[in-house]
Amino acid sequence: MDYTSTRDTKKRITSAEAITRGISSDGGLFVPTSVPTVSLQFIDDLKELGYQDRAKKILGLYLEDFDEDELSDYVDNAYGNGKFSSAAVAPVVNIHDNVNILELWHGPTCAFKDMALQLLPYLLKGSAKRTLKNKDIVILVATSGDTGKAALEGFKDVDGTKILVFYPNSGVSPMQQRQMQTQEGSNVGVCSVNGNFDDAQTGVKAIFTDEETKKVFDENNLVFSSANSINWGRLVPQIVYYFSAYCDLLNKDQISLGEKINIVVPTGNFGNILAANYAVRMGLPVNKLICASNSNNVLTDFINTGVYDRNRKFYSTISPSMDILISSNLERLIFTLYGGDDEEVRKLYSSLKETGKFAVSDEVHKAVADRFYGGFCSDDETMATIKETYDKFGYLADTHTSVAIKVLNDYVKKTGDDTPVVIASTASPFKFCTSVMTALNGHAGSDDFENLSELEKLTGIKAPTQLSSLKDKPIRFNINCGNDIDSMRKVVFGMLKI
Ligand SMILES: *Cc1c(COP(=O)(O)O)cnc(C)c1O
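What counts, and where the lines are drawn
Throughout this document, residue positions are counted from 1 along each chain, in the order its sequence is written. Totals for whole chains, interfaces and linings use every residue, but because this is a predicted model, local features are given only for residues with pLDDT of at least 70 and side-chain atom pairs only at 80 or more, for both listing and counting. Hydrogens and water molecules were not included; the side-chain quantities draw on all heavy atoms of the structure. Secondary structure is summarised from DSSP: a helix means a run of H or I of at least four residues, a strand means a run of E of at least two, and numbering begins at the N terminus for each. Atoms counted for the radius of gyration: C-alpha only. Globule rule: 2.2 Å times residue count to the power 0.38. In this scheme, a residue with accessible area under 20% of its type's maximum is buried, one over 50% is exposed, and one in between is partly exposed, where area comes from a 1.4 Å probe on protein chains only. Any two residues whose heavy atoms approach within 4.5 Å at even a single point are treated as in contact. Where accessible areas are quoted, they stem from the Shrake-Rupley method and a 1.4 Å probe; at the residue level, only the protein chains shown are allowed to cover. Paired strands, in this sense, are two strands between which DSSP finds at least two bridges. Comment: axis = line fitted to C-alpha atoms, over the contacting stretch for helices; angle = value between 0 and 180 degrees taken between N-to-C directions. Proximity is defined per residue: if any heavy atom of the residue lies within 4 Å of a molecule or strand, that residue is considered near it. Think of a polar contact as two N or O atoms within 3.5 Å of one another; within protein, one of them needs to be a possible hydrogen donor and the other a possible acceptor, and neighboring residues in sequence only count if both atoms come from side chains. Only buried residues count toward a nonpolar core. Its members are Ala, Val, Leu, Ile, Met, Phe, Trp, Tyr and Cys residues joined through side-chain atoms within 4.5 Å.

### Let's talk about the overall build of the chain
If you tally the helices and strands in the chain, you get 22 helices and 16 strands. Relative to the compact-globule value of 23 Å for 498 residues, the chain shows a C-alpha radius of gyration of 21 Å, a close match. Each of the three principal axes of the chain carries a C-alpha extent, and together these read 60 × 50 × 50 Å. Burial status across the chain gives 61% buried among its 498 residues. Across the chain, every contact between residues at least 6 apart in sequence was considered, and the portion connecting residues at least 24 apart equals 75%. Of the accessible surface of the chain, which amounts to about 18,500 Å², a share of 47% is contributed by carbon and sulfur atoms.

Below, the structure is given as structure tokens:
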């Protein structure tokens, strides 16, 4: 299976090259030139397997240049060895009637990013072995909070790699910040950037394509790669859990083979929901993909109008991992819906760069609206949903998951659609415990760690030890820089000592 760039379809590369390069030099994203399809029988067979074996079957369809044994080792290392606190890896919990929560946060950093970032280092090393000779890989990450920690945890002490994480100094939660600042490992670095996530992401993207940086890297036998969700190696592991959730519903007799489900995804950079869309394109029976946003509702408007317009106020919300106005992975959807027309993609994205917006054709907008429903909610509504979900169903949801629950409730009210549903739950409630505690109790103290113990007491649920033990860990990284390319480049060279 070949891969190409959304902005230049003359390019043809292997999956290994797509993963090592991360982003195409033309600014586009790598996509497979065709999508493998599976039969209902394939899904029926999958339901007999555990998570790892389901993953091997799905990943094998996309990553043809890895042999079976190799992929099998990678998957066992990523999801086995006690790395995930649930044997099911991504368990499905029924909260009422036909509403189910797909818990994606049982990994080492308590957010769904682990699902991809525990596997990515293996895919990247395997890819680099094929495509680069004796070069060290530098992973550069811009994070809205969860990716950074998950990437640090995935790559720490992996030979032949170095990882540098930039997070916005306004935007991540105290718990997220502490997770990154205390990161262990000999090949890691962390720096806060003035501004919000978009500033950090724009800076990192600029470094990737910066000629001067490339020259210095070449001289030092280094090469960049990306662990952001623009990397195909991040996306492909995320396709697996949508199939897995469908299998779990089959096994619980909640649905019959071939019956359609709805999937709700709390969305930021459009990676998680795009993976769901790949699952649908492969043949997973799905009615609607419901894209849930917070007050940064650029995607809601896009799905409703066909106009993507980032010229709007940026809100810092209580679901910070979704505080994004440039949803990078949308480019892959647009490319697909334009039938792989790279010229259209170039036009739209140069318009986005110059004017901050673009409008898709009526036909493409119709295709978007057929597959996706878009909705959003405010922080107050998120808080009310946390409380309601806990009081009514005894289920403790984090702020991001609660955005999804609220948008689903609105969708059901509006449409009467009672299709069985899977809600992607993207973080442990203890990762955002100050907001969750405030929602349940009406108030909370200012200390995240005290709130964590209070939340444990109030609910009788034990917090993941990775979070409760953080307060005793020493801070290793406490530096800050501007969001311009010169400042960020300086930090990169400084951390790499070049
Ligand atoms: C990253 C993240 C999201 C958004 O996922 P995208 O793939 O960027 O759309 C939602 N919730 C949490 C907790 C996250 O960490």
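From this point, the narrative continues.
### A word on the sheet that holds strand β6 (residues 136-142)
Judged by pairing direction, the sheet is parallel, and its 5 strands sit side by side in the order β9-β6-β7-β8-β16 without closing on themselves. Each edge of the sheet is formed by a strand with only one pairing partner; in this case those strands are β9 (222-226) and β16 (479-481). Taking each pair of neighbouring strands and ignoring which way they run, the sheet shows an average axis angle of 30°. Sheet topology places β6 next to strand β7 (residues 161-168); 6 bridges connect them, and they run parallel. Residue pairing in the sheet places valine 141 in a bridge with valine 165 of β7.

### Brief notes about the pairing of strand β15 (residues 421-425)
For β15, the buried fraction is high: 5 of the 5 residues fall into the buried class. Neither face of β15 is left uncovered, since the one carrying Val421, Ile423 and Ser425 and the one carrying Val422 and Ala424 both have all their residues buried. Bridge analysis of strand β5 (residues 99-103) against β15 gives 5 bridges, and the strand direction is parallel. The residue of β15 that forms the bridge with glutamate 103 is serine 425.

### Observations concerning the site of the ligand
Close to the ligand lie 15 residues, the nearest being Lys113, Asp146, Gly268, Asn269 and Thr426. Taking glycine 268, its main chain carries an N or O atom lying 2.8 Å from an oxygen atom of the ligand.

### Notes on the nonpolar core
Tyr62, Leu63, Ile239, Tyr242, Phe243, Leu330 and Phe358 are the most contacted members of the largest nonpolar core, which has 106 residues in total. Counting residues per element, this core draws most heavily on helix α11 (residues 232-251), at 13 residues. Contacts of phenylalanine 243, omitting those with residues within four sequence positions, involve Val38, Ile43, Leu46, Ile58, Ala279, Met282 and Leu284. Among the nonpolar cores identified, the runner-up in size contains 26 residues, and Phe197, Phe208, Val216 and Phe493 belong to it.

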